[in-house]
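Spelled out from the first residue to the last, the chains are:
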Amino acid sequence: MKEGRLIKKVLILAIVVIMSTSLAGCFITSQPVTPPQSDPGQEISETGELEGESVKPATKRDDDGSANVSEEDKKAEQEKFATFMDKSFKESIESSYLSTHIYYINPEDAGIDMSNVEIGFGLAPTEADYNDNREAYEELGNEFAAFNRGLLTPEQQIEYDAMQWEITIVKRLSDEKFDFYQQFFAPPNSLDANLVSYLSTWDIRHETDAKNMVTLINSIPAYVDSTIEYAKEQQKRELLMTNFDVVIEGCKDVLDKGMESSVLLKLLEKVDKLEIEQSLKDEYKNGITTAFKDAYLPSFQKIIDAMESMRGGYNNTQGFASFPHGKEYFEANMMYTTGTLDSIEDINSYLEEKNDTLLSDLFRVYSKYPDEVDAYYGDNEPSSGFKSYEEILEANKTALLQDHPEVKNLSYHIEDADPEEKLAEKNIAAYFLIPPLDGDRIQQMRVEPSGRDVESLDTYITVSHEGFPGHMYHYAYLYNNIDSNYIKTLGINAFIEGYAVYAELESLNYLTDVKMGFKELIRISTALSYADYTLADIGINYYGWDKERTKKFFTDIGYSVDDAGAQEIFDYLRCTPCTYASYGYGYLRIADIRDNAEDQLGSKFSALDFNTALLKPGAVPFSIIEKSVAEYISENM
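S.K.: Sorry, what's going on with the overall build of the protein here?
M.R.: When helices and strands are counted, the protein shows 25 helices and four strands. Taken as a whole, the protein presents about 25,200 Å² of accessible surface, with 46% of it coming from carbon and sulfur.

S.K.: Help me out: how do you make sense of the nonpolar core in this one?
M.R.: For soluble globular proteins, nonpolar side chains are generally found buried alongside one another. If you look at the biggest cluster of nonpolar residues, it comprises 200 residues, and the most contacted ones within it are Ile217, Ile288 and Tyr296. Judged by nonpolar contacts, the second largest core, of five residues, contains Ala417, Leu423, Tyr431 and Leu433.

S.K.: Which parts of the structure should I look at to understand the side chain of Ser384?
M.R.: Looking at the element boundaries, Ser384 is found in the loop between α14 (370-377) and α15 (389-399). The exposure class assigned to Ser384 is buried, which follows from its relative accessible area of 12%.

S.K.: Sorry, what's going on with the packing of helix α19 (residues 493-506) against helix α24 (residues 607-615) here?
M.R.: The description of two helices packed together rests on the angle between their axes and the distance between the axes. Relative to each other, α19 and α24 sit at 165°, their axes nearing to 12 Å. When the axes of α19 and α24 are compared, the pair comes out roughly antiparallel. For the crossing formed where α19 meets α24, the hand is left-handed. Touching Phe495, Tyr499 and Tyr502 of α19 are Phe610, Asn611, Leu614 and Leu615, all from α24. Among the residues forming the contact of α19 with α24, the class breakdown is six nonpolar, one polar and no charged.

S.K.: For this particular structure, what's the right way to read unusual backbone geometry?
M.R.: The phi angle of most residues is negative, glycine excepted, and most peptide bonds adopt the trans form. Pro188 follows Pro187 through a cis peptide bond whose omega is 10°. Structurally, Pro188 is set in the loop between α5 (154-173) and α6 (191-201). Pro469 follows Phe468 through a cis peptide bond whose omega is 5°. Relative to the helices and strands, Pro469 resides in the loop between α16 (457-466) and α17 (471-481). Positive phi outside glycine occurs at Glu238, with the angle close to 60°. Residue position: Glu238 is located in the loop between α8 (220-237) and α9 (244-257). With phi around 55°, Lys422 is a residue other than glycine that occupies positive phi space.

S.K.: Looking at this structure, how should I read α8?
M.R.: Spacing of three or four residues puts side chains on the same side of an α-helix, whose turn is 3.6 residues. Along its 18 residues, α8 runs 25 Å from first to last C-alpha, staying within 8% of the 26 Å computed at 1.5 Å per residue. Taken as a whole, α8 has its buried residues at Ile220, Pro221, Tyr223, Val224, Ser226, Thr227, Ile228, Tyr230, Ala231, Gln234 and Gln235. Directly after α8, the chain includes Glu238, whose backbone phi takes a positive value near 60°.

S.K.: Is there a simple way to explain the confidence of the model for the protein in this structure?
M.R.: A low pLDDT score tells you not to read the predicted coordinates there in detail. Averaged over the protein, the pLDDT score is 89; the fraction of residues at 70 or greater is 90%. The low-confidence segment residues 1-24, where pLDDT is below 50, has 120 contacts with residues more than four positions distant or belonging to other chains. Per-residue pLDDT stays below 50 along residues 27-63; that stretch engages in 99 contacts with residues further than four places along the chain or on separate chains.

S.K.: For this particular structure, what's the right way to read the side chain of Glu166?
M.R.: Checked against the element boundaries, Glu166 lands in helix α5. Residue classification places Glu166 among the buried positions, given a relative accessible area of 0%.

S.K.: Can you walk me through the pattern of salt bridges in this structure?
M.R.: Should their charged atoms come close, side chains of opposite charge can pair. The tally for this structure, following the rule as stated, stands at 31 salt bridges. A salt bridge links Lys302 to Asp225; the nearest nitrogen and oxygen atoms lie 3.0 Å apart. Here Asp225 lies in helix α8 and Lys302 lies in helix α11 (residues 278-310), a separation of 77 residues in the sequence. Residue class for Asp225 comes out partly exposed when judged on its relative accessible area of 36%. A salt bridge links Glu308 to Arg311; its shortest N-O distance comes to 3.0 Å. Given the relative accessible area of 39%, Glu308 is considered partly exposed. One connected set of salt bridges, linked through shared partners, spans Glu127, Glu233 and Arg237.

S.K.: Explain the packing of aromatic side chains to me, please; I cannot follow it from the model alone.
M.R.: Between two aromatic rings, the relevant description is the distance of the centres plus the angle of the planes. A full pass over the atoms with the stated rule returns 43 aromatic pairs. Centre to centre, the rings of Tyr412 and Phe468 are 5.8 Å apart; their planes meet at 75°, and the pair counts as edge-to-face. With Tyr412 in strand β2 (residues 412-416) and Phe468 in the loop between α16 and α17, this residue pair connects regions lying 56 residues apart in the sequence. Residue classification places Phe468 among the buried positions, given a relative accessible area of 0%. Here a set of aromatic residues connected by ring pairs shows up, and it is made of Tyr530, Tyr533, Trp545, Phe553, Phe554, Tyr559, Tyr572, Tyr580 and Tyr583. The aromatic ring of Tyr479 is capped on one face by Lys488, whose charged end is 5.9 Å from the ring centroid. In this structure, Arg549 is placed above the aromatic ring of Trp545, and the distance from its NZ or CZ to the ring centre is 4.3 Å.

S.K.: Even after reading the chapter, I still don't get the packing of α6 against α8, so can you show me in this structure?
M.R.: Where α6 meets α8, the axes come as close as 12 Å, and the angle between the chain directions of the two elements is 155°. Looking at the two axes, α6 sits roughly antiparallel to α8. Here α6 and α8 pass one another in a crossing that is right-handed. Contact with α6, carried on its side by Leu191, Leu195 and Leu199, involves Ile220, Tyr223, Val224 and Thr227 of α8 and no other residues of that element. The residue makeup of the contact of α6 with α8, split by class, is six nonpolar, one polar and no charged.

S.K.: Quick question: what am I supposed to make of α24 here?
M.R.: The set of residues buried in α24 consists of Phe610, Asn611, Ala613, Leu614 and Leu615. On its buried face, α24 sits against α17, α19, α23 (579-601) and α25 (622-636).

Procedures and definitions
- Residues numbered from 1 in each chain as written.
- Predicted model: local features only at pLDDT ≥ 70, side-chain atom pairs only at ≥ 80, totals over all residues.
- Heavy atoms only, no water.
- Helix = DSSP H or I, 4+ residues; strand = E, 2+ residues; numbered from the N terminus.
- Areas by Shrake-Rupley, 256 points an atom, 1.4 Å probe, with all protein chains shown as cover.
- Core = buried A, V, L, I, M, F, W, Y, C linked by side-chain atoms within 4.5 Å.
- Buried < 20%, exposed > 50% of the residue type's maximum accessible area, 1.4 Å probe, protein only.
- Axes fitted to C-alpha atoms, helices over the stretch in contact; angles between N-to-C directions.
- Parallel < 35°, antiparallel > 145°, perpendicular 65-115°, else oblique.
- Left-handed = near helix turned anticlockwise from the far one by under 90°.
- Contact = heavy atoms within 4.5 Å.
- Nonpolar A, V, L, I, M, F, W, Y, C, P; charged D, E, K, R; others polar.
- Expected span 1.5 Å × (residues − 1).
- pLDDT = per-residue confidence, 0-100.
- Salt bridge = Lys/Arg side-chain N within 4 Å of Asp/Glu carboxyl O.
- Phe/Tyr/Trp six-rings, centres within 6.5 Å; stacked < 30°, edge-to-face > 60°.
- Lys NZ or Arg CZ within 6 Å of the ring centre and 35° of its normal.

The structure is reproduced here in structure tokens:
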């Protein structure tokens, strides 16, 4: 679940954001809401300002005077803007070895200067880092403000609009009152778990990767030391949010595996597969093994010791709303996640309205399809008919051509995730790995290894979300149809995950043997679950709900939640704010955009043409997506 990228050497959200957003991991489908006992977006203005809010765009300059500019001057502006965007993108990639490795197999061939890239995990930000980042981002914003949007090409205008939105949000997030609000030790995405995930999925594609892996592992102690100091500073400032027991238990699990770790075994296997001399393989394997023993494992003991020493000190066991500026911080993160400038109040109102509509839709389906309802809630759903993940992917690769633009390269690889990632405990059924911008671009998926019923609709939906026509298809489309590296890697979470939910639910149309009532129940229940969890997220982290208020919210709308379940939901949402919004808000916005297109075009509506317009701009803010779809509507009225 994960893809937001910042620009320049100012990763405002720090390395923890990259670590938490580099894997597009997705949730195991929630249990359907039980039948209730009784029937129960604000737009951005033309100036880019949010009505009723003090959020200002990075620049208001658009196309003033562009009609009187010569073609030569327009071309000069376009070339200057292209140079600016290329430089900004490369500097952002060079600012983090993790980003460099994720996006490039051979970074030098793409013009990435590896002498600017420090091999390692980096360090947690200090107060001086925050100040430097603010200055650098202000400089970037001033440089950006010099461009005239009206002189740019249509493709550059998309880049311009996306960067204008991003600069606006990141400037808000980088306010000094939010310093030290980042959380490195908030389970389930705490630093210890992220380290396991990173090393277990790390590609060793050539000799340089093997050599760098030794350096990367050896950088972990300094990285961990810096995050511990960061957490201690947070505790002094009363800004720490963690679960000491969960973090300690996770670290102990790693230490219990020790040198028998499957993470280490996989790294050594990857080196063995390289086409290099055996003596070099042995050298790198010995280096990795030594680093694992002397740097990786002791770092987990350091975390345990730190957590034990910090017990008894300040620890926020509520949501972000209980921090001094927590509500504002949560709102800014929600804007970043949803790809909007909408206020929390507007997002909350939108979701409440959708919740009411979806509940009404649920009652309609109860009345219309009583047999399917009984089977659905009686855990007697039909089979998808597929015997393997590969069968699902192959079938959907063909079926999606009826309502999606063709993408030629849809190669993929799917395998079990490393058991030490504990996907089941994190409520993750599978995840998708962002492919590099260069190389063969084979789409990668990892699945929860404990065993699933492959023939179930739940498995079909999961594979459709992570695979085709979800993430695998979406990224293949992006890489084949978008020229801008900035747009390819921007990855607005609400559009990335919202589109994948949209794709998984649309893929139900490919199952001709499954009754319509079942499909409608799945669509409505899925949307309702995501909307409700997002509302609870807002309730906890913005309105200050406690566990009891959270439990009441779910039981009032028909969920069966006991105290233990309520505590689990509460702890997850307070420690992973805005996660469900990527799925729920993102999907609902896309569904609304489609409904509007269908209403306006009637019989002229084409799912294929709509999806083309939806995907055409890239994973960008919704204001840009809506413009693309509006053009499609206008051209077909």
